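Spelled out from the first residue to the last, the chains are:
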Amino acid sequence: MGTTTAKATETDVTLHVNGHEHQMRLDNRTTLLDALREHLALTGAKKGCDQGQCGACTVLLDGRRVVSCLVLACSVDGSSVTTVEGLSAGRGLHPIQEAFIAHDALQCGFCTPGQICSAVGLTEVETESPAAIREAMSGNICRCGAYTHIAAAVYEVASAS
Ligand code: FES
Ligand code: FES
């Protein structure tokens, strides 16, 4: 009995996710994506490729877009994370979410949480033109090919801000 001690292969990690603090003891190899999905039951971020190629796992880490399958959770101890679940918490839908609905910017929806988080994080880049938006969103793959409507939704919000 008594205080448990982390093994050499584990790390105590604190993440502030969608405004809530979570303390976890994680295997050092745990990705941020797996910490969110398997330890915090936040399954909005999707595991598509698990190797940084599809963007389905995109979340905001301290306000910037990251593919969470390539981030070790222990390397971002103390950080703030926003997932798609946190974009509308208590405030109604985020304007990007509203625009995705208005433009019918999804088919199966698997890529959508990543697309939306990526679009929300677009403030880090120049977004004044449709071409710039397509380039900035190019890391988010859509197997259904909903790109035209996705780009239109993102452009509507970006050009209005
Ligand atoms: S699951 Fe992370 S980029 Fe594909
Ligand atoms: S809506 Fe199906 S993968 Fe994008």
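Thresholds, definitions, all that
Residues numbered from 1 in each chain as written. Chains lettered and ligands numbered in written order. Predicted model: local features only at pLDDT ≥ 70, side-chain atom pairs only at ≥ 80, totals over all residues. Heavy atoms only, no water. Pairing = 2+ DSSP bridges. Helix = DSSP H or I, 4+ residues; strand = E, 2+ residues; numbered from the N terminus. Axes fitted to C-alpha atoms, helices over the stretch in contact; angles between N-to-C directions. Contact = heavy atoms within 4.5 Å. Buried < 20%, exposed > 50% of the residue type's maximum accessible area, 1.4 Å probe, protein only. Arc of directions from axis to C-beta. Salt bridge = Lys/Arg side-chain N within 4 Å of Asp/Glu carboxyl O. Core = buried A, V, L, I, M, F, W, Y, C linked by side-chain atoms within 4.5 Å. Domains from an automatic or database assignment. Phe/Tyr/Trp six-rings, centres within 6.5 Å; stacked < 30°, edge-to-face > 60°. Lys NZ or Arg CZ within 6 Å of the ring centre and 35° of its normal. Buried area = accessible area lost by both parts, 1.4 Å probe. Polar contact = N/O pair within 3.5 Å; in protein donor to acceptor, adjacent residues only side chain to side chain. Nonpolar A, V, L, I, M, F, W, Y, C, P; charged D, E, K, R; others polar.

In space, the five strands of this open sheet follow the order E2-E1-E5-E3-E4, with mixed pairing throughout. Where the open sheet ends on each side, the last strands, each with one partner, are strand E2 (20-27) and strand E4 (64-67). Pairwise comparison of adjacent strand axes, ignoring direction, gives a mean angle of 40° for this sheet. As paired strands, strand E3 (residues 58-61) and E4 are joined by four bridges and run antiparallel to one another. Looking at E4, one finds that Thr-58 is bridged to Val-67. Of the strands in this sheet, strand E1 (10-17), E2, E3 and strand E5 (80-82) touch helix H1 (residues 32-39), which is tilted by about 110° from E2. Along the sheet face, helix H4 (residues 112-120) touches E3, E4 and E5 and points at about 35° away from the line of E3.

What follows deals with helix H3 (residues 95-102). Residues Ile-96, Gln-97, Ala-99 and Phe-100 constitute the buried set of H3. Along the axis of H3, the buried residues cluster in a sector spanning 160°; they form a single face. More than 90 degrees from the buried face of H3, the exposed residues found are Ile-101 and Ala-102. Looking at the buried positions of H3, the neighbouring elements they touch are helix H2 (84-87), H4 and helix H6 (147-160). Two residues or fewer after H3 comes Asp-104, characterised by a positive phi angle close to 50°.

Attention now moves to the pattern of salt bridges. It is possible for side chains bearing opposite charge to pair when their charged atoms get close. Applying the stated criterion across every chain, the model contains four salt bridges. In this structure, the salt-bridge partner of Asp-12 is Arg-25, at a minimum N-O distance of 2.7 Å. One end of the pair, Asp-12, is in strand E1; the other, Arg-25, is in strand E2, and 13 residues separate them in sequence. Here Lys-47 and Asp-50 are joined by a salt bridge, their closest N and O atoms 3.8 Å apart. Accessibility expressed as a relative area gives 32% for Lys-47, which makes it partly exposed. Taking relative accessible area as the criterion, Asp-50 reaches 36% and is therefore assigned partly exposed.

Quick look at the nonpolar core now. With 23 residues, the main nonpolar core has Ile-96, Phe-100, Ile-116, Met-137, Ile-150 and Val-154 as its most contacted residues. When contributions to this core are tallied by element, the ones reaching two or more residues are H2, H3, H4, helix H5 (130-136) and H6. In terms of residues, this core owes the most to one element, H6, which gives five residues. Residue assignment places this core across two domains, with domain 1 (10-87) and domain 2 (95-160) each supplying three or more. Every residue in contact with Phe-100, bar those within four places of it in the chain, is listed here: Ala-105, Leu-106, Thr-112, Gln-115, Ile-116, Ile-150, Ala-153 and Val-154. Residues Val-17, Leu-36, Leu-42 and Cys-69 belong to the second largest nonpolar core, which totals 21 residues.

On to the packing of aromatic side chains. Given two aromatic rings, one states the distance between the centres and the angle between the planes to describe the pair. All told, the structure shown has zero aromatic pairs when counted by the stated rule. Over the ring of Phe-110 we find Arg-143, and its NZ or CZ is 4.8 Å from the ring centre.

Here we take up the domain arrangement of the chain. Domain boundaries in the chain define domain 1 (10-87) and domain 2 (95-160). Between domain 1 and domain 2, the residue contacts involve 17 residues of the former and 17 residues of the latter. The largest per-residue losses of area from domain 1 upon contact with domain 2 belong to Arg-65, Val-84 and Leu-87, which jointly make up 42% of the total buried on that side. Linking domain 1 with domain 2 are zero salt bridges. If you look at where domain 1 meets domain 2, you find five residue pairs in polar contact (both at pLDDT 80 or more). At the level of secondary structure, the elements contributing two or more residues to the side of domain 1 that touches domain 2 comprise E3, E4 and H2. Across the side of domain 1 that touches domain 2, the residue classes break down as six nonpolar, seven polar and four charged.

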